[in-house]
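Next come the chains, spelled out residue by residue.
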Amino acid sequence: MAANGYPSLFRSEEMSLVQLYIPSEVAHDTISELGEMGNFQFKDLNPDVTAFQRSFTPRLRRLAEMARRVRLFHGQIKALEPPLGIPPLSAIPPFPTVGPRAQNAFDELDDKLREHERRLVEMNRSWEELGKRKGELEEKKWVLRETAGFFNEAEHRHTEIRTSFDDGDGTAPLLEHAAEYGTLPGETGLSGFDLEFVAGTIERTRMPTFERILWRVLRGNLYMNYSEIEEAFVDPTTGKETHKDVFIIFAHGSELLAKIRKVAESMGGTLYTIDSSADKRSDALREVTARLEDVDAVLYNTGQTRRVELGKIAEGIEAWKDAVRREEEIFKTLNLLSYDQGRKTLVAEGWCPTRDITAIQLALRRATETAGTSVPPILSELRTHQTPPTFHRTTPFTEGFQTIIDSYGIATYQEVNPGLFTIITFPFLFAVMFGDIGHGILALVSALTMIMFERKLATAGMGEMFDTFFFGRYLILLMGAFSIFTGFMYNDIFSKSLHIWTTGWEWPSNTTGLVIAEPTGHVYPFGLDPTWHGADNALIFTNSYKMKMSIILGVIHMSFAICLQVPNHLHFKKWLNIYAEFIPQILFMWSIFGYLIICIIYKWSVDWTHSPTSPPGLLNMLIYMFLSPGSVDPDSQLYPGQGFVQVVLLLVALVCVPWMLVLKPYMLYKEHQKITAQGYVGLGNGEGRSSNDLEEEEEGVGQAVAQDERGGDHPFEMGDIIIHQVIHTIEFCLGCISNTASYLRLWALSLAHAQLSEVLYSMTLENAFAVKQWGVGATLFLVAMFAMWFTLTVCILCIMEGLSAFLHALRLHWVEANSKHYMAGGYAFTPLSFAAIAAEEEQ
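No experiment lies behind these values; they were computed from the predicted model shown. (Residues numbered from 1 in each chain as written. Predicted model: local features only at pLDDT ≥ 70, side-chain atom pairs only at ≥ 80, totals over all residues. Heavy atoms only, no water.)

Undergrad: Looking at this structure, how should I read the overall build of the chain?
TA: Counting its secondary structure elements, the chain contains 24 helices and 13 strands. Taking 28 Å as the expected radius of gyration for a compact globule of 843 residues, we find that the chain reaches 42 Å, considerably beyond that expectation. Along the first, second and third principal axes, the C-alpha set of the chain runs to 130 × 100 × 50 Å. Out of the 843 residues belonging to the chain, those deemed buried represent 42%. (Helix = DSSP H or I, 4+ residues; strand = E, 2+ residues; numbered from the N terminus. Rg over C-alpha atoms; globule rule 2.2 N^0.38 Å. Buried < 20%, exposed > 50% of the residue type's maximum accessible area, 1.4 Å probe, protein only.)

Structural data, given as structure tokens:
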């Protein structure tokens, strides 16, 4: 909380535990008003009562049934083809959810939903039955068509055979005695076939299996023909499309035909009775076609009636959906309240921001006026030792940064919130790995576009992936801006450099072999000198530059995180932690790694071309600082008196380890001994309470309902304190080394990003610009290479590399920085909010 009382992100808001006495007749409207405000978190005052035993459970069951009907209608409307528009909630008159008529309005809505469901169920049943009937008629029509085609083909083949008999010489020994063995299939012509047959349909995927089973069961004693039905059959209930085949099977004897029917029915086939007479088949086809037309007409009329019914429902479904959702939340909240038999009122307890108490009192007054009663709810603030929830009031700009920290853990109540500093540190560390002017501009323009059209895009529903980027639009905005800044530092724009100011180097002319640039006396004022671009040792120089810069940024970031312990210790009045933890930790960090970054900066400031010694290796210097303290090789000495300074710093670091390890447990032990010697003991649950407290409990005020949920004080255990301090000390000392090395990822990803950008440019645009003779072909080649370069730049360098840098920046904040000060022992403030519930359902 800021000094002027206005909330800030530095700490969570000050919370108050309040108690409400709500008359029963105004309870519904009171909860509705608080849900509209969205700043009151109710506590469950009936923890021992099951959900089925609570007072408003029957009402919740009724509302759940209403919600089910609304979901049913919504699904039916969405499934319509062509689609039916649903008016938005803003274009519909509001449904009366509060006031004297609210209960009657919900009763009428329940009756209306029940009537709509009854009519819609009847229409759906008729629709499904007609759809099934249509499918059966369609199948029969196809069976009649295909079997007619088969018979016609068989008759045509029989006519050809007879013609060959008449035109031959009469010497056909295989056919001249055919009458002795029975007639051929098709011989009887229009009079029918002497072989009996079975016809029907079966799913296309089951046809091969069906054919094999019949062949094995009947041992080949059958003649089978089948053809595919071109049109797919749509199930009226599920909407699933099914492709089927028509089959006709000839066999001798009733037993074989019975087996065929059983196999077909067992595999989901549908059998139809088809006459072998052509005239009867034609009559049956005409009859089926006529009945199909009648069914189509009835089906169309039913569909139109159903569409009209759904259209009426669609006009108010959003208002109904919103009203039922609100009513459910209101009665779920009412189930959390307890009933005071003496006052005949409902009692509510909950947390709210202290600065919002006045607004809540005004809301209670509005609820009383809305309900038309004269008895208002009574609000009283309670004294409590319970830990309040953590609430950071965010804006669309700060919400994304706060979410990054909340994903790691919810801050302890009134703890310093690292989300405030993440607004700067997160995009900056991201930009160190992503530094490129061109890529930063692309990210900046994308974020600005989402911000300019955020109202339209917020309701566009473009998918989960886009919604993720849209949620972090302000985060992307700052990441793009900082990437442009670091791009100027690296002097890198799409793997090329900018010549903004006068360079400090020039290449000598008329030289052969190894060319060494000569200084011009100028100093490039900001960023990397463009002359380094293209030099043979450019990679060596930028590697050293970025690696040292990563160490400097890492030590500064971790040191700042350690310093954030101080406002926490001051706020929670933990003075011991300042000189038992903070001071030795910051001394340990800077006696080793702070000294390292000071040496890095000093080494950068020295002109080693005029120095009698070569520049020393700082990594070896740090190693030998521990291996051989006090002894420094004169040839690798960085400054006079280096050995003495390193010994002093090493002694400070060594002293800090037992300082962190011993002092705090010892001081806690002494404090405990002092308290014990004075004869004080911890109070149990309810023991030793004054008569005033008991009177207040009887009155239902203050401590009566403010029991400490932590279950009393924990006994002093010296062993646990020592073990905890040993773990904490070892973790910090080892973490200083590993976490500092972890910041080298800034150098590694920055190098990888720059090299990948350079490779992409050299393999695309550089080849296009290398064309010597320009023409239509060269121009098309340039356009194609530019399209490929731009697409790969956006997809790989901006999106994939950007996500990689984002995850690494996330790791640096969660592990390297937050572990130095962030307790994250709180729980989130989750108030009753109709707006938040509606947003969750939309997602």
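Undergrad: Looking at this structure, I do not really get the packing of aromatic side chains. What am I missing?
TA: Pairs of aromatic rings are described using the distance from one ring centre to the other and the angle between the two planes. Per the counting criterion, the structure on display carries 29 aromatic pairs. Ring geometry for Phe 466 versus Phe 470: centroids 6.2 Å apart, planes at 20°, classification stacked. With Phe 466 and Phe 470 both in helix H12 (residues 464–471), this residue pair falls four residues apart, about one helical turn. Owing to a relative accessible area of 22%, Phe 466 belongs among the partly exposed residues under this scheme. Note on Trp 501 and Tyr 524: the rings are 5.7 Å apart at their centroids and 75° apart in plane angle, and the pair reads as edge-to-face. (Phe/Tyr/Trp six-rings, centres within 6.5 Å; stacked < 30°, edge-to-face > 60°.)

Undergrad: Could you clarify how one ought to interpret helix H10 (residues 437–452) in this entry?
TA: Because each turn of an α-helix spans 3.6 residues, side chains separated by three or four positions end up pointing in the same direction. Under the 1.5 Å per step criterion, the end-to-end length of H10 is 22 Å for 16 residues, consistent within 8% with the ideal 22 Å. Within the sequence span of H10, burial applies to Ile 437, Gly 438, His 439, Gly 440, Ala 443, Ala 447, Met 450 and Ile 451. Contact partners of the buried residues in H10: helix H9 (419–434), helix H11 (454–458), H12, helix H13 (473–490), helix H21 (745–763) and helix H23 (776–817). Structurally, the start of H10 carries an N-cap: the backbone nitrogen of Gly 438 is 2.9 Å from a side-chain oxygen of Asp 436. (Expected span 1.5 Å × (residues − 1). Contact = heavy atoms within 4.5 Å. Polar contact = N/O pair within 3.5 Å; in protein donor to acceptor, adjacent residues only side chain to side chain.)

Undergrad: I tried to follow a nonpolar patch on the surface on my own but got confused; where do I start?
TA: Where nonpolar side chains cluster on the molecular surface, the patch consists of Met 465, Phe 469, Leu 756, Ile 796, Ile 799, Met 800 and Leu 803 and spans about 640 Å² of accessible area. Contributions of two or more residues to the nonpolar patch are made by H12 and H23. If one sorts the elements of the nonpolar patch by residue count, H23 sits on top with four residues. Within the element layout of this structure, Leu 756 appears in helix H21. Residue classification places Leu 756 among the partly exposed residues on the basis of a relative accessible area of 34%. (Patch = residues over 30% accessible without salt bridge, like charges linked within 9 Å, V, L, I, M, F, W, Y side chains within 5 Å. Areas by Shrake-Rupley, 256 points an atom, 1.4 Å probe, with all protein chains shown as cover. Salt bridge = Lys/Arg side-chain N within 4 Å of Asp/Glu carboxyl O.)

Undergrad: Honestly, empty space enclosed by the protein in this entry has me stumped. Any pointers?
TA: A water-sized probe rolled over the atoms picks out the places where empty space is left. Summed over all chains, the structure comprises four cavities of 30 Å³ or more. A volume near 90 Å³ is recorded for the largest cavity. Every residue along the wall of the largest cavity is listed here: Pro 418, Phe 421, Thr 422, Thr 425, His 557, Phe 560, Ala 561, Leu 564, His 813, Ala 817, Asn 818 and His 821. Every element with two or more residues in the lining of the largest cavity is listed here: H9, helix H14 (538–563) and H23. Grouping the amino acids of the lining of the largest cavity by side-chain chemistry returns six nonpolar, six polar and no charged. (1 Å grid on protein atoms, 1.4 Å probe; cavity = no way out; pocket = protein on both sides within 12 Å on 5 of 7 lines; lining within 4 Å. Points joined across faces, edges and corners; volume = space filled by probe spheres on them. Nonpolar A, V, L, I, M, F, W, Y, C, P; charged D, E, K, R; others polar.)

Undergrad: I tried to follow the pattern of salt bridges on my own but got confused; where do I start?
TA: Pairing between side chains becomes possible if they bear opposite charge and their charged atoms approach one another. Taken as a whole and judged by the stated rule, the model has 33 salt bridges. Of the charged contacts in the structure, one is a salt bridge between Lys 43 and Glu 349, with a shortest N-O distance of 3.9 Å. Pair noted here: Lys 43 is in the loop between strand E2 (41–42) and helix H2 (57–78) and Glu 349 is in strand E10 (residues 345–353), with a separation of 306 residues, a long-range link. Note that Asp 322 is salt-bridged to Arg 325, the shortest N-O span being 2.8 Å. Taken as a pair, Asp 322 and Arg 325 lie in helix H6 (residues 278–334) at a separation of three residues, close to a single helical turn. For the pair Asp 322 and Arg 325, one class covers both residues: buried.

Undergrad: Sorry, what's going on with the nonpolar core here?
TA: Note that soluble globular proteins tend to have their nonpolar side chains buried in a common cluster. If you look at the biggest cluster of nonpolar residues, it comprises 67 residues, and the most contacted ones within it are Phe 426, Phe 588, Tyr 595, Leu 618 and Leu 746. When residues in this core are grouped by element, the largest group, twelve residues, is from helix H16 (residues 575–605). With residues near it in sequence (within four places) discarded, Phe 426 still touches Ile 404, Leu 475, Met 479, Phe 806, Ala 809, Leu 810 and His 813. In this structure, Val 18, Ala 67, Phe 106 and Ile 360 belong to the second largest nonpolar core, which totals 44 residues. (Core = buried A, V, L, I, M, F, W, Y, C linked by side-chain atoms within 4.5 Å.)

Undergrad: It is not clear to me how the side chain of Asn 568 should be interpreted in this structure. Could you clarify?
TA: Tracing the backbone through its elements, the reader meets Asn 568 in helix H15 (residues 565–571). Asn 568 sits in the buried class, given a relative accessible area of 3%. In this structure, Asn 568 is in contact with Arg 11, Glu 415, Val 416 and His 821, ignoring residues within four places of it in sequence.

Undergrad: I tried to follow unusual backbone geometry on my own but got confused; where do I start?
TA: Only a minority of non-glycine residues have a phi that is not negative, and only a minority of peptide bonds are not trans. Residue Pro 82 is reached from Glu 81 by a cis peptide bond, and omega for that bond is -5°. Along the polypeptide, Pro 82 turns up in the loop between H2 and helix H3 (102–167). For Phe 494, which is not glycine, the phi torsion reads 55° and is therefore positive. By secondary structure assignment, the location of Phe 494 is in the loop between H13 and strand E12 (505–506). On the basis of relative accessibility, which here comes to 22%, the residue Phe 494 falls in the partly exposed class.

Undergrad: Help me understand the sheet that holds strand E8 (residues 270–272), please; the structure alone is not making it clear to me.
TA: The pairing of strands in a sheet happens through backbone hydrogen bonds and is either parallel or antiparallel. Read across the sheet, four strands follow the order E4-E7-E3-E8 without closing on themselves; strand pairing throughout is antiparallel. Each edge of the open sheet carries a strand with a single partner, namely strand E4 (223–228) and E8. The mean inter-strand angle of the sheet, taken between neighbouring strand axes irrespective of direction, is 25°. Bridge count for strand E3 (residues 196–203) against strand E7 (residues 244–251) is eight bridges, and the pairing is antiparallel. Within E7, the residue paired with Ile 202 across the bridge is Asp 245. (Pairing = 2+ DSSP bridges. Axes fitted to C-alpha atoms, helices over the stretch in contact; angles between N-to-C directions.)

Undergrad: Help me understand the confidence of the model for the chain in this model?
TA: Atom-level detail of predicted coordinates should not be read off regions where pLDDT is low. For the chain, per-residue confidence averages 85 on the pLDDT scale, and residues scoring 70 or more make up 90% of the total. Across residues 161–193, where pLDDT falls below 50, the model places 16 contacts with residues more than four positions away in sequence or in other chains. Here residues 683–712 is modelled with pLDDT under 50, and outside its nearest four sequence neighbours on either side it reaches 34 contacts, counting other chains as well. (pLDDT = per-residue confidence, 0-100.)

Undergrad: In this structure, what is going on with helix H7 (residues 357–371)? I would like to understand it.
TA: For H7, built from 15 residues, the straight-helix expectation of 21 Å at 1.5 Å per residue is met to within 8% by its first-to-last C-alpha distance of 21 Å. Buried within H7 we find Ile 357, Ile 360, Ala 363, Leu 364, Ala 367, Thr 368 and Ala 371. Projected down its long axis, H7 carries its buried residues within an arc of 145°, all on one side. Turned more than 90 degrees away from the buried face of H7, the exposed residues are Thr 358, Arg 365 and Glu 369. (Arc of directions from axis to C-beta.)

Undergrad: Explain the side chain of His 813 to me, please; I cannot follow it from the model alone.
TA: With respect to the secondary-structure elements, His 813 resides in helix H23. Here His 813 falls in the buried class, since its relative accessible area comes to 3%. At 3.3 Å, the side chain of His 813 and the backbone nitrogen of Phe 426 are in polar contact. A distance of 2.9 Å separates the side chain of His 813 from the backbone oxygen of Ala 809, its partner in a polar contact. Discounting chain neighbours no more than four positions away, the residues touching His 813 are Thr 422, Thr 425, Phe 426, Leu 429, His 557 and Asn 818.

Undergrad: What should I look at first to understand the environment of Gly 802 in this one?
TA: Of note, Gly 802 is situated in helix H23. Note: C-alpha distance between Gly 802 and Ala 431 (371 residues apart in sequence) is 9.4 Å. Excluding residues within four positions of it along the chain, Gly 802 makes contact with Phe 430, Phe 434 and Leu 797.

Undergrad: I tried to follow the packing of H9 against H14 on my own but got confused; where do I start?
TA: The relative placement of two packed helices comes down to the angle between their axes together with the axis-to-axis distance. Packing of H9 against H14 brings their axes to within 12 Å, and their N-to-C directions diverge by 165°. Taken as axis vectors, H9 and H14 run roughly antiparallel relative to one another. Read as a crossing pair, H9 and H14 show a hand that is left-handed. Of H14, the residues touching H9 (which contributes Phe 421, Thr 425, Phe 428, Leu 429 and Val 432) are Met 549, Leu 553, His 557 and Phe 560. Across the contact of H9 with H14, the residue classes break down as seven nonpolar, two polar and no charged. (Parallel < 35°, antiparallel > 145°, perpendicular 65-115°, else oblique. Left-handed = near helix turned anticlockwise from the far one by under 90°.)

Undergrad: Before we go on, may I ask you to explain the pairing of E10 in this structure?
TA: In the case of a regular strand, side chains alternate between the two sheet surfaces. Counting buried residues along E10, nine of its nine residues qualify, which places the element largely inside the surrounding structure. Covered by surrounding structure in E10 are Thr 345, Val 347, Glu 349, Trp 351 and Pro 353 together with Leu 346, Ala 348, Gly 350 and Cys 352, the residues of both alternating faces. Pairing geometry for strand E1 (residues 15–23) and E10, over nine bridges, is antiparallel. Each bridged residue has a counterpart across the sheet, and for Pro 23 the counterpart in E10 is Thr 345. Both E2 and E10 contribute to a ladder of two bridges, which runs antiparallel. For Phe 42, the partnering residue across the bridge sits in E10 and is Gly 350. Inspection of the sheet shows strand E9 (residues 338–340) paired to E10 by three bridges, in the antiparallel sense. Across the sheet, the residue bridging to Asp 340 is Thr 345, located in E10. Where E9 folds back on E10, the antiparallel hairpin that results is connected by four residues, among which Lys 344 adopts a positive phi of roughly 55°.

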